Amino acid sequence: VEPGLPALARLGIVGAGQIARMTYQAALKLGITPRLLAERIDDSAALVASDVVIGHPDSVAGFADTCGVLTFEHERLDVGLLERLEEGGRVIRPGTRTIRAAFDKIHQRRILTNRGFPVPAFAEITGPDDVFDFASVFDWPIVLKRARAADQDAKGVWIVENQAEALRVLNEQNRHRMLAESFVAIASELVVLIVRRPGGHVRVYPVTQVTNVDGVCREIVAPAPVAPATAEAARTLARRIADELDSVGVLAVELFLTAEGLLVNELAARPHNAGHLTIEATPTSQFENHIRAVLDLPLGPTWPSCPAAATVNVISGIESTDPSANLTEALAVEGAHIHLYGKRAGPGRKLGHVTALGSDPDEALAVARRAESALLGRRPW
Ligand code: ADP
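Quick caveat: nothing in here was measured; it's all calculated off a predicted structure.

Draft legend 1. Expanded view of the packing of helix α6 (residues 128-138) against helix α7 (residues 163-172). Where α6 meets α7, the axes come as close as 10 Å, and the angle between the chain directions of the two elements is 145 degrees. The way α6 lies across α7 gives a crossing that is right-handed. Contacts between α6 and α7 involve P128, V131 and F132 on the former and, on the latter, Q163, A166, L167 and L170. Taken together, the residues that form the contact of α6 with α7 break down as six nonpolar, one polar and no charged.

Draft legend 2. Quick look at the site of the ligand. Around the ligand, the surrounding shell holds 16 residues, and the nearest of these are K145, E181, V184, E189 and N265. Contacts to the ligand include S182, whose backbone N or O atom sits 2.9 Å from a nitrogen atom. Isolated, the ligand exposes 550 Å² of accessible area, and the fraction of that covered by the protein chains is 84%. Secondary structure elements with two or more residues in the shell around the ligand: β7 (142-146), β9 (178-182), β14 (249-258) and β15 (261-268). When grouped by side-chain class, the residues that make up the shell around the ligand number six nonpolar, four polar and six charged.

Draft legend 3. Structural view of helix α8 (residues 228-245). Taking 1.5 Å of rise per residue, 18 residues should cover 26 Å, and α8 covers 26 Å from first to last C-alpha, within 8% of that figure. The inward-facing, buried residues of α8 contact α4 (96-103), α5 (105-114), β10 (188-196), β14 and β15. Just downstream of α8, D246 is the residue with a positive phi angle, here 55 degrees.

Draft legend 4. Spotlight on the environment of P323. By the secondary structure assignment, P323 is in the loop between β16 (308-315) and α11 (327-331). Measuring from C-alpha to C-alpha, the distance between P323 and A374 comes to 8.3 Å, with 51 residues separating the pair along the chain. Setting aside its immediate chain neighbours within four residues, P323 contacts V314, L340, L351 and L375.

Draft legend 5. Up close: the packing of helix α3 (residues 79-87) against α4. Interaxial distance between α3 and α4 falls to 10 Å at its minimum, and their mutual angle equals 175 degrees. Considering their axes alone, α3 and α4 lie roughly antiparallel with respect to each other. Contacts between α3 and α4 pair V79, G80, L82, E83 and E86 from the former with T96, I99, R100 and F103 from the latter. Of the residues that constitute the contact of α3 with α4, the class distribution is four nonpolar, two polar and three charged.

Draft legend 6. Summary view of empty space enclosed by the protein. What the rule picks out here adds up to four cavities of 30 Å³ or more. Size it by volume and the largest cavity reaches roughly 100 Å³. In terms of lining, the largest cavity is formed by 13 residues, of which the most central are P206, A222, L277, A281 and P304. Counting residues per element, the ones that place at least two in the lining of the largest cavity are α9 (278-281) and β16.

Draft legend 7. Seen up close, the pattern of salt bridges. The full count for this structure, using the stated rule, is 25 salt bridges. With its nearest N and O atoms 3.2 Å apart, the salt bridge here joins E172 to R168. Residue E172 and its partner R168 are both found in helix α7; the two are separated by four residues, about one turn of the helix. Taking relative accessible area as the criterion, R168 reaches 45% and is therefore assigned partly exposed. With its nearest N and O atoms 3.7 Å apart, the salt bridge here joins R235 to E232. With R235 and E232 both in helix α8, this residue pair falls three residues apart, about one helical turn. Assessed through its relative accessible area of 27%, R235 is described here as partly exposed. Through salt bridges with shared partners, a single network forms among D104, R110, E124, R148 and R177.

What counts and how
- Residues numbered from 1 in each chain as written.
- Predicted model: local features only at pLDDT ≥ 70, side-chain atom pairs only at ≥ 80, totals over all residues.
- Heavy atoms only, no water.
- Axes fitted to C-alpha atoms, helices over the stretch in contact; angles between N-to-C directions.
- Helix = DSSP H or I, 4+ residues; strand = E, 2+ residues; numbered from the N terminus.
- Left-handed = near helix turned anticlockwise from the far one by under 90°.
- Contact = heavy atoms within 4.5 Å.
- Nonpolar A, V, L, I, M, F, W, Y, C, P; charged D, E, K, R; others polar.
- Near = heavy atom within 4 Å.
- Polar contact = N/O pair within 3.5 Å; in protein donor to acceptor, adjacent residues only side chain to side chain.
- Areas by Shrake-Rupley, 256 points an atom, 1.4 Å probe, with all protein chains shown as cover.
- Expected span 1.5 Å × (residues − 1).
- Parallel < 35°, antiparallel > 145°, perpendicular 65-115°, else oblique.
- 1 Å grid on protein atoms, 1.4 Å probe; cavity = no way out; pocket = protein on both sides within 12 Å on 5 of 7 lines; lining within 4 Å.
- Points joined across faces, edges and corners; volume = space filled by probe spheres on them.
- Salt bridge = Lys/Arg side-chain N within 4 Å of Asp/Glu carboxyl O.
- Buried < 20%, exposed > 50% of the residue type's maximum accessible area, 1.4 Å probe, protein only.

Right, dumping it as structure tokens:
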């Protein structure tokens, strides 16, 4: 433990969505009661926490005054303000260097490129000409992204086939910083979660494979069905990035596996959707290890405690079914671990997830899909 930082300094969490909710639940198990900065009283984590401050993320300075250690569940932050707090002696974890790298995709790509990590070709977009220039080099389709995190559950990635579609997206997003990326032929999307303590002790979780539909994460399996050498390369890459950024807490490294090898798609400096299965499938969940790391406590083991696991996200359709109304049917699916976040249903919102364990990823996935279908009132897959 660093001098001046009692291990159980009051932990403040900025953000109160489902990531904060599960982090909070993991903290309670250790006898730690975090203080939350929520935007709304009915935010997922605010509903379960006993110590909640309601305020915009920009009111973090006053919140920080009441906490010994500050951590975050999202990247919608005023990084300049956090830097001033850090300079003033506040303990911010991960540090602002990591937060700055995670919160703006243009800056993130530049850092990664500069340090020699492989990323898709990209360019900052300040107007239509930049898009046309980019497309003339890399050809359609191209990928347009908001540089900074959209609101929770909001879309921030568009694959556009031609100039007209690109212009439509740019018009819609005209208030936001944007980047263009070459469209990558992705064989598999992998996520490596790594947890790192101040001073550099790390543990790496088994590599997961995620399936995205329309840019939204739907399913996750572990171990990722890739060659052992690929999984090892992914873990090594993630470890090098975490060391390079001197990150503290969970760092999620999203990778594209392509015919030419691995590309880094995105970094998230917090527990990640792909790691929800660590609750059941490893000895120490990503949420517990995030808490341990940011409070500089010994990390727990991250090896797999079963042959395979799968998670299926429960995402609201246009009919906005409330999954808790179908709990009876879902709990009848033997072996399904059901997590509901207490959120109001609305098109595209992540309302929960189901994890199942199995002797192989497909077996686990089948169980999780059955329970997810039941929660959304659909017929089984
Ligand atoms: P988010 O911030 O929403 O997670 P990502 O940058 O991870 O956004 O993109 C979401 C998904 O969109 C990816 O997981 C992938 O399926 C697809 N995608 C993103 N970038 C590219 C790209 N350059 N080429 C092909 N598909 C991409």
